[in-house]
Amino acid sequence: MPEDYRKLLVRQSSQHAHSAVVGLIPEANWITRAPSLRRKMALLAKIQDEAGHGLYLYAATETLNNGEIAADRDSTYNDMLSGKAKYSSIFNYPALSWADIGAIGWLVDGAAIMNQVMLMGNSYGPYSRAMLRICKEESFHQRQGYEILMTLCRGTKEQKQLAQDALDRFWWPALMMFGPNDDASPNSQKSMNYRVKRESNDSLRQRFVDVTVPQAEFLGLKIPDKNLKWNEETGHYDFGDL
């Protein structure tokens with residue numbers, strides 16, 4: 001295995017694992033405040049899934065340990081705690097209302113699915129196989145979040161405003177989950193060359209916008225982007241710069 005390839009995989013799969021684990025924090029804060037027993041049970045199930053995703057991904061990363069490159073679970077986790085390794089910055093945004101839990105499921109997990117589906121069948125078997133189960137479970141998380149917002153949007157005026165406020169808070173951070181623009185990304189092209197990633201950041205971000213805007217319109221919510229409009233020539237939505 002080329003060492004350059006090994007380093008790329010350790011960085012990407014371990015950071016993916018860190019994001020799954022850190023992502024538990026804003027949602028765990030809402031377990032005791034969920035509005036019903038049904039909502040508590042669904043949220044607990046989602047948190048359990050995410051902990052499992054971290055486990056699968058740390059286990060896949062450990063297969064890359066060769067002595068020279070430390071990829072064991074303790075080493076990679078300590079890199080995250082020390083700030084040496086990154087995780088998705090969207091999990092630093094607080095969940096201020098129950099509607100934010102819905103927005104996290106719909107937008108954050110929706111962006112995660114868009115990123116992760118193209119990791120299924122990537123060139124490294126353990127990472128690729130982990131993604132199969134992860135993507136199936138993430139699809140339920142997205143639907144759970146969307147259903148939370150749909151319920152709010154069909155409720156009182158105040159409840160629908162909570163949903164709009166949550167969309168306003170999480171729209172731009174969700175777009176940033178796809179990483180820098182292609183011309184400013186130091187790792188994206190290398191990952192594609194090794195067939196770890198199979199699509200570029202910009203391509204995935206555009207697909208997410210195209211899919212999500214009609215979903216927001218169905219809810220009766222407005223995307224917080226004054227530049228958003230349908231482009232007849234390209235067949236895609238134009239949207240503002242990050």
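In case you missed it, the structure is sitting above this.
Residues numbered from 1 in each chain as written. Predicted model: local features only at pLDDT ≥ 70, side-chain atom pairs only at ≥ 80, totals over all residues. Heavy atoms only, no water.

## Topic: the environment of V196
Working step 1: With respect to the helices, strands and loops of the structure, V196 is situated in the loop between α8 (188-193) and α9 (201-219).
Working step 2: It is 8.9 Å that separates the C-alpha atoms of V196 and L8, two residues lying 188 residues apart in sequence. (Helix = DSSP H or I, 4+ residues; strand = E, 2+ residues; numbered from the N terminus.)

## Section: the pattern of salt bridges
Close approach of charged atoms allows side chains of opposite charge to pair.
Working step 1: Throughout the structure, instances matching the rule amount to 11 salt bridges.
Working step 2: Here E27 and K46 are joined by a salt bridge, their closest N and O atoms 2.4 Å apart. With E27 in helix α2 (residues 24-28) and K46 in helix α3 (residues 37-62), this residue pair connects regions lying 19 residues apart in the sequence.
Working step 3: Judged by relative accessible area, K46 falls into the buried class, the value being 3%.
Working step 4: Members of the salt-bridge network, linked through shared partners, are E27, K46 and D109. (Salt bridge = Lys/Arg side-chain N within 4 Å of Asp/Glu carboxyl O. Buried < 20%, exposed > 50% of the residue type's maximum accessible area, 1.4 Å probe, protein only.)

## Brief notes about unusual backbone geometry
Working step 1: Positive phi is not limited to glycine here, since R195 has a value of about 60 degrees.
Working step 2: Counting through the fold element by element, R195 comes out in the loop between α8 and α9.
Working step 3: For R195, a relative accessible area of 51% gives the class exposed.

## Some words on the nonpolar core
Working step 1: Counting residues in hydrophobic clusters, the biggest one holds 64 residues, and the most contacted among them are I101, W106, L107, Y127, W171, F208 and L219.
Working step 2: Those elements giving two or more residues to this core turn out to be α1 (3-22), α3, α5 (98-117), α6 (125-153), α7 (157-176) and α9. (Core = buried A, V, L, I, M, F, W, Y, C linked by side-chain atoms within 4.5 Å.)

## Remarks on the packing of aromatic side chains
Working step 1: Counted by the stated rule, this structure contains 7 aromatic pairs.
Working step 2: With a centroid separation of 4.9 Å and an interplanar angle of 45 degrees, the aromatic rings of Y5 and Y194 are classed as tilted. Of this pair, Y5 sits in helix α1 while Y194 sits in the loop between α8 and α9, and the two are 189 residues apart along the sequence.
Working step 3: On the basis of relative accessible area, Y194 is assigned to the partly exposed category, the value being 25%.
Working step 4: With a centroid separation of 4.9 Å and 75 degrees between ring planes, the pair formed by W230 and Y237 is classed as edge-to-face.
Working step 5: One aromatic cluster in this structure is built from W171, F178 and F208.
Working step 6: Lying over the aromatic face of W30, R33 brings its terminal NZ or CZ to 4.0 Å of the ring centre.
Working step 7: The ring of F140 carries R143 above its face, with NZ or CZ at 5.6 Å from the centroid. (Phe/Tyr/Trp six-rings, centres within 6.5 Å; stacked < 30°, edge-to-face > 60°. Lys NZ or Arg CZ within 6 Å of the ring centre and 35° of its normal.)

## Notes on the packing of α5 against α7
Working step 1: Across the interface, α5 lies against α7 with an axial gap of 9 Å and an inter-helix angle of 30 degrees. One element, α5, and the other, α7, form an angle in the roughly parallel class. Here the hand of the crossing between α5 and α7 comes out right-handed. Contacts between α5 and α7 involve A99, D100, A103, I104, W106, L107, V108 and A111 from the former and L162, A163, A166, L167, R169, F170, W171 and A174 from the latter.
Working step 2: Taken together, the residues of the contact of α5 with α7 sort by class into 14 nonpolar, no polar and 2 charged. (Axes fitted to C-alpha atoms, helices over the stretch in contact; angles between N-to-C directions. Parallel < 35°, antiparallel > 145°, perpendicular 65-115°, else oblique. Left-handed = near helix turned anticlockwise from the far one by under 90°. Contact = heavy atoms within 4.5 Å. Nonpolar A, V, L, I, M, F, W, Y, C, P; charged D, E, K, R; others polar.)

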